[in-house]
Amino acid sequence: MPRTALLLLVLSLLTACDDTPKPAPERTAATTTVPADPALAQVYDTSCKLCHANPAAGAPLAGDKAAWSPRVAQGADTLLDHSINGYNGMPPMGLCMQCSEAQFLALISFMAGVQLQ
């Protein structure tokens with residue numbers, strides 16, 4: 001095999017290797033999905049997204065139904081209590097001091113992908 005052909009082969013193999021880290025699909029969804037309601041989307045962006053779109057934060061990612069399932073099983077009242085009073089690493093009021101209970105439930109419903117009552 002001529003050196004030129006070998007060099008081209010090596011270069012093509014190297015360019016096929018892409019070491020750029022690819023985001024996990026659930027993280028991509030968590031960072032790009034927002035509530036349909038513009039006001040709720042603004043609250044999500046300023047209060048929830050910091051933790052619920054960042055796997056390193058340890059919070060369940062928005063849209064990750066598997067992570068939210070055991071939490072949803074605890075019921076809306078427990079999730080609302082955790083949102084308002086804080087729980088484990090979640091700060092009280094989830095960084096949204098002006099949020100109402102209805103907004104918290106709507107945000108949780110959006111992130112969990114289920115309708116809470």
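In this convention, every chain numbers its residues from 1, walking through the sequence in written order. Two thresholds apply to this predicted model, a pLDDT of at least 70 for residue-level local features and 80 or more for giving and counting side-chain atom pairs, whereas whole-chain, interface and lining totals are computed over all residues. As a convention, hydrogens and water are excluded, and side-chain values are obtained from all of the structure's heavy atoms.

(A) Structural detail: the overall build of the protein. Only DSSP runs of H or I covering at least 4 residues are called helices, and only runs of E covering at least 2 are called strands; the numbering of each starts at the N terminus. Broken down by element type, the protein carries 6 helices and 0 strands. Secondary structure of the protein in N-to-C order comes out as α-α-α-α-α-α. Each residue gets one of three labels from its accessible area relative to the maximum for its type: buried under 20%, exposed over 50%, partly exposed in between, using a 1.4 Å probe on protein chains only. Buried residues in the protein amount to 28% of all 117 residues. Here the contacts in the protein between residues at least 6 apart in sequence split such that 48% fall between residues at least 24 apart. The method behind every accessible area is Shrake-Rupley, applied with a 1.4 Å probe, and residues are considered shielded solely by the protein chains displayed. For the protein, the exposed surface amounts to about 7500 Å²; the carbon and sulfur share of it is 61%. Residue contacts are defined here by distance: any two heavy atoms, one from each residue, within 4.5 Å place the two residues in contact.

(B) Summary view of the nonpolar core. Buried Ala, Val, Leu, Ile, Met, Phe, Trp, Tyr and Cys residues that are joined via side-chain atoms within 4.5 Å together make up what is termed a nonpolar core. The biggest cluster of nonpolar side chains holds 20 residues, and the ones touching the most others in it are Tyr44, Cys99, Phe104, Leu107 and Met111. The biggest single contributor to this core is helix α6 (residues 101–112), with 6 residues.

(C) Structural context of the state of the cysteines. When the sulfur atoms of two cysteines come within 2.5 Å, that pair is taken as a disulfide. Inspection of every chain in the model, using the stated rule, returns 1 disulfide. Paired by a disulfide, Cys96 and Cys99 hold their sulfur atoms 1.9 Å apart. Its S-S torsion of approximately 80° makes the covalent link between Cys96 and Cys99 right-handed. Taken as a pair, Cys96 and Cys99 share a single burial class, namely buried. Cys48 forms no disulfide, and the closest cysteine sulfur to it belongs to Cys99, at a distance of 6.7 Å. Owing to a relative accessible area of 9%, Cys48 belongs among the buried residues under this scheme. As a non-bridged cysteine, Cys51 has Cys48 as the owner of its nearest cysteine sulfur, 9.0 Å distant.

(D) The packing of aromatic side chains, seen in detail. Pairing of aromatic rings covers Phe, Tyr and the six-membered ring of Trp, with a centre-to-centre limit of 6.5 Å; geometry is then stacked below 30 degrees between planes, edge-to-face above 60, and tilted otherwise. Summed over all chains, the structure comprises 1 aromatic pair. Their ring planes at 80° and their centres at 5.1 Å tell us that Tyr44 and Phe110 sit as a pair that is edge-to-face. Of this pair, Tyr44 sits in helix α3 (residues 38–52) while Phe110 sits in helix α6, and the two are 66 residues apart along the sequence. Side by side, Tyr44 and Phe110 carry an identical accessibility label, which is buried.

(E) Just the layout of surface pockets, in detail. Computed from the structure, the largest pocket encloses a volume of approximately 550 Å³. For the largest pocket, the lining is made up of 27 residues, of which His52, Ala59, Pro60, Tyr87 and Met90 are closest to its centre. For the lining of the largest pocket, the elements supplying multiple residues, two or more each, are α3, α4 (65–72), α5 (76–85) and α6. Classifying every residue of the lining of the largest pocket by side-chain character gives 17 nonpolar, 9 polar and 1 charged. The way it works is a 1 Å grid over only the protein atoms, where trapped points that fit a 1.4 Å probe form a cavity and open points with protein on both sides within 12 Å along at least five of seven lines form a pocket, and then any residue with an atom within 4 Å of a point lines it. Grid points are joined across faces, edges and corners, and a volume is the space filled by probe spheres set on the points. Asp, Glu, Lys and Arg are counted as charged, while Ala, Val, Leu, Ile, Met, Phe, Trp, Tyr, Cys and Pro are counted as nonpolar; the rest, among them Gly, fall into the polar class.

(F) α6, seen in detail. Expected helix span is computed as 1.5 Å times (number of residues minus one). Taking 1.5 Å of rise per residue, 12 residues should cover 16 Å, and α6 covers 16 Å from first to last C-alpha, within 8% of that figure. Burial in α6 covers these residues: Phe104, Leu107, Ile108, Ser109, Phe110, Met111 and Ala112. Looking one or two residues past α6, Gly113 carries a phi angle of roughly 75°, positive in sign.

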